[in-house]
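# Summary of structural features
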Amino acid sequence: MADDTLHIAVIMDGNGRWASARGLPRTAGHERAHLSVESTITAALECGVTHLSLFAFSSENWNRPDEEVALLMQPGCWLLTDEELASYQQRNIQITFIGNLTDPRIPDACSDWLRTTAQRTASHNPRLRVTVAFNYGGRQEIAEAVRAYAATSKGGKQEDFGQHLWSACLPDIDLLIRTSGEHRLSNFMLWSLWYAELIFTDTLWPDFRGIHLSNAVVEYQKRDRRYGTVSS
Ligand code: IPE
Ligand code: IPE
Ligand code: MG
């Protein structure tokens, strides 16, 4: 549990409400999201965060209107623009994706973009590993892992089970931030969040900036993580 990693996860919520409050279509809120992502990634680097996980599209988000889903299936247009990707590559920031990435509902152009983005930013020793949860569901992740675990090993340890998760290469989440005033997990990284500290902010994702991340890290550092024991 105590190591030199710091894993922050963010449920980036409130894009639709940000747009509605301005009389704009919901998609306009998504189109601003990359500015918050860029600012958050930059602040994460400055704060010594080693792992940043961002919830971009849930397994339940397919139930949204077609035009909204169509935009969300173009993450190069709303989440990580080409210019920003070049800057991430330059700063040795690795971008990877977890979720059901072989889902046939994902358009080919999107699958290609996910693959090339991961290839383009691949690094053996990145300064920051950014994991984007895309077509991701926490229950689905656990169910898949159960299937893989049952197929490969019998009577193993809990740690062995964790190796079959999509998030197997990530440390447990230390801090979860959810924007937009909602106080729920919405099926996000249910296994890795087991002892995470939680911070909820009313700020809508398009208004979220690096300073909000830095402030959350300061608040996190004041928390007493006990893991079921007593304070020392
Ligand atoms: C989060 O913002 C972005 C995604 C789910 C892709 P929302 O689109 O959920 O915004 P609200 O919650 O409706 O305001
Ligand atoms: C969670 O937000 C998913 C992402 C941020 C990608 P939602 O807006 O989909 O969650 P609910 O429906 O409010 O719980
Ligand atoms: Mg929402």
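Our subject is the structure that appears above.
It should be emphasised that the depicted structure is a prediction, and the values quoted were computed from it without experimental measurement.

## Details of the overall build of the protein
- Looking only at helices and strands, the protein features 10 helices and 6 strands.
- Rg of the C-alpha trace for the protein: 18 Å, near the compact-globule value of 17 Å for 232 residues, within the 12% margin.
- The principal-axis extents of the C-alpha atoms in the protein amount to approximately 50 × 40 × 35 Å.
- Among the 232 residues that make up the protein, the fraction classed as buried is 49%.
- The contacts in the protein between residues at least 6 apart in sequence include a share of 75% that link residues at least 24 apart.

## Examining the site of ligand 1
- Near ligand 1 there are 13 residues, and of these Asp13, Gly16, Arg17, Arg26 and Arg64 occur at the shortest range.
- A distance of 3.3 Å separates an oxygen atom of ligand 1 from a polar atom in the backbone of Gly14.
- Measuring from an oxygen atom of ligand 1, one finds a side-chain N or O atom of Arg64 at 2.7 Å.
- Considered on its own, ligand 1 offers 380 Å² of accessible surface; in the complex 88% of this is hidden by protein.

## Some points on the pattern of salt bridges
- The final tally for this structure, using the stated rule, is 16 salt bridges.
- Across the salt bridge formed by Arg17 and Glu182, the nearest N and O atoms sit 3.0 Å from each other. Highlighted residues: Arg17 in helix α1 (residues 15-20) and Glu182 in the loop between β5 (175-178) and β6 (197-200), separated in sequence by 165 residues.
- By relative accessible area, Glu182 is classed as buried at 18%.
- For Arg120, the salt bridge is made with Asp82, and the minimal N-O distance between the two is 3.1 Å. With Arg120 in helix α7 (residues 108-120) and Asp82 in helix α6 (residues 82-90), this residue pair connects regions lying 38 residues apart in the sequence.
- For Arg120, a relative accessible area of 30% translates into the label partly exposed.
- Members of the salt-bridge network, linked through shared partners, are Asp13, Arg17, Arg178, Glu182 and Arg184.

## Description of the layout of surface pockets
- Roughly 440 Å³ of volume is contained in the largest pocket.
- Lining the largest pocket are 23 residues, with Met12, Asp13, Asn61, Arg64 and Arg178 positioned closest to its centre.
- The leading source of residues in the lining of the largest pocket is strand β2 (residues 51-58), at 4 residues.
- Counted by class, the lining of the largest pocket contains 9 nonpolar, 7 polar and 7 charged residues.

## Observations regarding the pairing of β5
- Burial along β5 is two-sided: the residues Leu175 and Ile177 and Leu176 and Arg178 are all buried.
- When strand β1 (residues 7-11) meets β5, the two strands line up parallel, connected through 4 bridges. What sits directly across from Ile11, in β5, is Arg178.
- Judged from the 4 bridges that link them, β5 and β6 form a sheet pairing that is parallel. Looking at the pairing, Arg178 lines up with Phe200 of β6.

## Looking at the site of ligand 2
- In the neighbourhood of ligand 2, the contacting residues comprise Ile11, Met12, Asp13, Phe55, Ala56, Phe57, Asn61, Arg64, Arg178, Arg184 and Ser186.
- Between Arg64 and ligand 2, the recorded distance is 3.2 Å, taken from a side-chain N or O atom to an oxygen atom.
- With respect to ligand 2, the side chain of Arg178 contributes an N or O atom lying 3.3 Å from an oxygen atom.
- Applying the majority rule of atoms within 2 Å of the grid points places ligand 2 in the largest pocket.
- Of the residues that constitute the shell around ligand 2, the class distribution is 5 nonpolar, 2 polar and 4 charged.

Rules used throughout
- Positions within a chain are numbered from 1, following the residues in the order the chain's sequence is written.
- Labels are handed out in written order, letters beginning with A for the chains and numbers beginning with 1 for the ligands.
- Owing to the predicted nature of the model, reporting of local features is limited to residues with pLDDT of at least 70; listing and counting of side-chain atom pairs is limited to 80 or more, with chain, interface and lining totals taken over all residues.
- Note that the side-chain values use all heavy atoms of the structure and ignore hydrogens as well as water.
- Going along the chain from the N terminus, every DSSP run of H or I of four or more residues is numbered as a helix, and every run of E of two or more is numbered as a strand.
- A radius of gyration in this sense is built from C-alpha atoms; the matching globule rule multiplies 2.2 Å by the number of residues raised to 0.38.
- For every residue, the accessible area obtained with a 1.4 Å probe (protein chains only) is divided by the maximum for its type, and the residue is called buried under 20%, exposed over 50%, and partly exposed between those limits.
- Two residues form a contact once any of their heavy atoms are found within 4.5 Å.
- It suffices for a single heavy atom of a residue to lie within 4 Å of a molecule or strand for the residue to be listed as near it.
- Two N or O atoms form a polar contact when they lie within 3.5 Å of each other; inside protein one atom must be a possible hydrogen donor and the other a possible acceptor, and for residues adjacent in sequence the pair counts only when both atoms belong to side chains.
- To measure how exposed things are, a 1.4 Å probe is used in the Shrake-Rupley method; for residues, cover is taken only from the protein chains shown.
- Any Lys or Arg side-chain nitrogen found within 4 Å of a carboxyl oxygen on Asp or Glu counts as a salt bridge.
- Both cavities and pockets are sets of points on a 1 Å grid over the protein atoms alone; in a cavity a 1.4 Å probe fits but cannot get out, in a pocket the set is open with protein on both sides within 12 Å along at least five of seven lines, and lining residues sit with an atom within 4 Å of a point.
- Grid points are joined across faces, edges and corners, and a volume is the space filled by probe spheres set on the points.
- Lys, Arg, Asp and Glu make up the charged group, whereas Ala, Val, Leu, Ile, Met, Phe, Trp, Tyr, Cys and Pro make up the nonpolar group; the residues left over, Gly among them, are polar.
- Following DSSP output, two strands are said to pair if at least two bridges run between them.
- Molecule-in-pocket calls rest on the fraction of atoms, with more than half required to lie within 2 Å of the cavity or pocket grid points.

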